[in-house]
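Reading the structure
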Amino acid sequence: MTKQLTWREKISYGVADMGFNFYWTNIATFLLIYYTDVFGISAAAAASMMFAIKIVNAFTDPMIGAAADRTSTRWGKFRPWLIWVPLPLAGAAFLTYTTPDLSEGGKIVWAYGTYLAMMVCYTCINIPYNALSGVLSADAQERSTVNGLRFIFAFAGGTLVTAATPALVRWLGAGNDKLGWQLTMLTWSVLASLLFVLTFLNTRERIAPPSTQKSNVWQDVRDLSQNRPWVALFFLALIIMITITLRTSSAAYYFKYVVGRPDLMAGFVPAYMMAAAAGAALTPLMTRFVDKKKLMIILMSITAVLSSAFFFVPRDQIGLMFALQIGMGLALGPKSPLAFSMYADTADYNEWRTGRRATAMTFAAATFSQKLGTAIAVAVIGWIFTRLGYVANAAQSEGSQAGIVWLMSFIPAAFALLAVAVMFLYNLDNNKLLRIQADLEARKS
């Protein structure tokens, strides 16, 4: 259970998250502006649709987690999903980024159907992948290392997508943005599928539920609702995703309509991603000296300060914008490996407390909160734009520009401070985790 993993297995596990970001970063960074400026529906319709689908999809997460926990094959519970789902996911993504020749009402129906299909397929592979990190090894430091490496690949994938996607759209579309987006998403989907298969081939599941375990889905849900550290992480994930999505989705609008330099997006988000990758790489080192809970509080406090500072940056101070963005990347980079390592710890805590283990359900309910946070953030952006009179591909009013600036600064800063408050509810420290692992080892012996 506490096996030291080889670097081959650690890297093979991590590369899949690069593949996931070929999808996720496209969705988080470009999908809203694709819907409004290329696909051809209003900001309110696009935001409402994305909010509704995120809510529906969030509720599918626990169902998929329960199915993964109850999967039994010679390859394990979670690895098989990495080869079952990539093809349906690629097809759904291709259709999501296809612009049909329909009326606006027809396009909205198309958007609802294709986006829902893509997000459900994404969930069917992402949740088992997340759960896999909790069964590779029971060693807390190994988990930090695996998740730190994973998010280096994740941020590298995000950097590649944000830097290359606009160029790919222009090149593959040859002046036809609709065709360019369609072929660009197909390219990312094929590359992601290859990485998922690589992870399947080079990883192994080592931790299994107790052989005598008998539980149903509702029992799993009750266990989680009574798991205090998991509940704290649930709200933490919700709040952090709101914080990040507000800034990420608003950035394209900020540079297009406030700064007047949409070309800067090709460097702005990648700068954040590269800084975040550096922060993720430092996570295993930092957790050797600082408890995970304290580290998360420090990082989110820094994020709040830097995000607030963005409000005061003049529109012509591009260097300062990038400096603050890089600082936030360094601060937020470790939050993902920290959080996913902590989710695995709460699965151990649940087994120690109840005698039952539901690893995929633990991660599924966590991704539920992440998707809910993303949905809330996108809805906030759409509703603010509608209220302030946003008009696609036109000069924006002063009120609309001010709203965009607030979405890049004070609003996400407030959510970052709320995340700090939530972390005080988390009650697992390193000493308690060592006792839990010792007790679990003794039981299984």
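Conventions adopted
Residues numbered from 1 in each chain as written. Predicted model: local features only at pLDDT ≥ 70, side-chain atom pairs only at ≥ 80, totals over all residues. Heavy atoms only, no water. Helix = DSSP H or I, 4+ residues; strand = E, 2+ residues; numbered from the N terminus. Rg over C-alpha atoms; globule rule 2.2 N^0.38 Å. Buried < 20%, exposed > 50% of the residue type's maximum accessible area, 1.4 Å probe, protein only. Contact = heavy atoms within 4.5 Å. Patch = residues over 30% accessible without salt bridge, like charges linked within 9 Å, V, L, I, M, F, W, Y side chains within 5 Å. Areas by Shrake-Rupley, 256 points an atom, 1.4 Å probe, with all protein chains shown as cover. Salt bridge = Lys/Arg side-chain N within 4 Å of Asp/Glu carboxyl O. Phe/Tyr/Trp six-rings, centres within 6.5 Å; stacked < 30°, edge-to-face > 60°. Lys NZ or Arg CZ within 6 Å of the ring centre and 35° of its normal. Core = buried A, V, L, I, M, F, W, Y, C linked by side-chain atoms within 4.5 Å. Expected span 1.5 Å × (residues − 1). Arc of directions from axis to C-beta. Polar contact = N/O pair within 3.5 Å; in protein donor to acceptor, adjacent residues only side chain to side chain. Axes fitted to C-alpha atoms, helices over the stretch in contact; angles between N-to-C directions. Parallel < 35°, antiparallel > 145°, perpendicular 65-115°, else oblique. Nonpolar A, V, L, I, M, F, W, Y, C, P; charged D, E, K, R; others polar. pLDDT = per-residue confidence, 0-100. Lys, Arg positive; Asp, Glu negative; His and termini not counted. Disulfide = S-S within 2.5 Å. Left-handed = near helix turned anticlockwise from the far one by under 90°.

Looking at the overall build of the protein
- In terms of helices and strands, the protein carries 17 helices and zero strands.
- Taking 2.2 N^0.38 as the reference for a compact globule, 445 residues should give roughly 22 Å; the C-alpha atoms of the protein span a radius of gyration of 21 Å, in line with that estimate.
- Overall size of the protein, expressed as C-alpha extent along the three principal axes, is 70 × 45 × 35 Å.
- For the protein, with 445 residues in total, the buried portion stands at 61%.
- Residue pairs in contact within the protein that sit at least 24 positions apart in sequence constitute 85% of those at least 6 positions apart.

Some remarks on a nonpolar patch on the surface
- On the surface, a nonpolar cluster with roughly 370 Å² of combined accessible area is contributed by I83, W84, V197 and L201.
- Sorting the residues of the nonpolar patch by element identifies α3 (81-84) and α7 (177-202) as the ones contributing at least two each.
- Structurally, W84 is set in helix α3.
- Residue W84 is classed as partly exposed on the basis of its relative accessible area of 44%.

So, the packing of aromatic side chains
- Counted according to the given criterion, the structure contains 35 aromatic pairs.
- For the pair F30 and W181, a centre-to-centre distance of 5.7 Å together with 55 degrees between the ring planes defines the contact as tilted. Residue F30 is located in helix α1 (residues 7-39), and its partner W181 is located in helix α7; the two are separated by 151 residues in the primary sequence.
- The exposure class assigned to F30 is buried, which follows from its relative accessible area of 8%.
- Since its relative accessible area comes to 9%, W181 is described here as buried.
- Aromatic rings pair up to connect Y13, F20, Y23, W24, Y122, Y129 and F196 into one cluster.
- Between the NZ or CZ atom of K10 and the centre of the ring of W7, over which it lies, the distance is 4.5 Å.
- Residue placement shows R150 over the ring face of F340; its charged tip is 4.3 Å from the ring centre.

Concerning the nonpolar core
- Of all hydrophobic cores here, the largest spans 141 residues; its most connected members are Y23, Y35, Y115, Y254, F268 and M296.
- Sequence-distant contacts of M296, that is, excluding residues within four places in its chain, are made with L236, I240, K335, L338, A339, M342 and M423.
- Of all hydrophobic cores here, the second largest spans nine residues; its members include A66, W230, A358 and M361.

Brief notes about helix α17 (residues 430-444)
- Here α17 contains 15 residues, and its C-alpha end-to-end distance of 21 Å stays within 8% of the 21 Å for a straight helix at 1.5 Å per residue.
- Inspection of α17 places K432, L433, I436, Q437 and L440 among the buried residues, and these make up the whole buried set. Viewed end-on, α17 has its buried residues packed into an arc of 135 degrees, placing them on one side of the element. Within α17, the exposed residues directed more than 90 degrees away from the buried face are N431, L434, R435 and A442.
- Looking at the buried side of α17, the elements it contacts are α6 (140-173) and α13 (335-354).
- Taking the backbone nitrogen of N431 as reference, a side-chain oxygen 3.3 Å away marks D429 as the first, capping residue of α17.

Let's talk about the pattern of salt bridges
- Applying the stated rule across the entire model yields twelve salt bridges.
- Residue D348 pairs with R357 through a salt bridge whose shortest N-O separation is 2.8 Å. Both residues of the pair, D348 and R357, belong to the buried class.
- The network of salt bridges with common partners includes R143, K292, D345, D348, E351 and R357.

Describing the packing of helix α15 (residues 398-408) against helix α16 (residues 410-423)
- It is at 3 Å that the axes of α15 and α16 come closest, and there the two elements cross at 25 degrees. Considered as vectors, α15 and α16 are oriented roughly parallel to each other. When α15 is examined against α16, the residues W406, L407 and M408 are found in contact with a partner set consisting of F410, I411 and P412.
- For the contact of α15 with α16, a count of residues per class yields six nonpolar, no polar and no charged.

Focus on the confidence of the model for the protein
- The share of residues in the protein with pLDDT of 70 or more is 98%, and the mean pLDDT across the chain is 89.
- Taken element by element, the predicted model of the protein shows its lowest mean pLDDT in helix α14 (residues 359-388) (80) and its highest in helix α4 (residues 86-96) (98).

Description of unusual backbone geometry
- We note that A174 has phi near 50 degrees; this positive angle belongs to a residue other than glycine.
- Mapped onto the secondary structure, A174 falls in the loop between α6 and α7.

Section: the side chain of K107
- Positionally, K107 belongs in helix α5 (residues 104-132).
- We note that K107 is buried and unpaired, the nearest opposite charge coming from D101 at a distance of 6.6 Å.
- Not counting chain neighbours up to four residues away, the residues in contact with K107 comprise F39, G40, I41, T99, P100 and L102.

Observations concerning the environment of I55
- On the secondary structure map, I55 appears in helix α2 (residues 43-69).
- Residues I55 and I404 lie 349 residues apart in sequence; the distance between their C-alpha atoms is 24 Å.
- When neighbours within four sequence positions are excluded, I55 is seen to be in contact with L372 and A375.

Digging into the state of the cysteines
- Counted under the stated rule, the structure contains zero disulfides.
- C121 takes part in no disulfide bond, and the closest cysteine sulfur to it belongs to C124, at a distance of 6.2 Å.
- Classification of C121 as buried rests on a relative accessible area of 16%.

Looking at the packing of α5 against α14
- At a minimum axis separation of 8 Å, α5 and α14 run at an interaxial angle of 130 degrees. In terms of their interaxial angle, α5 and α14 are classed as oblique. Handedness of the α5/α14 crossing: right-handed. From α5, M119, T123, N126, I127, N130 and A131 reach across to α14, where they touch T359, A360, F363, A364, T367 and K371.
- For the contact of α5 with α14, the class distribution of residues is six nonpolar, five polar and one charged.

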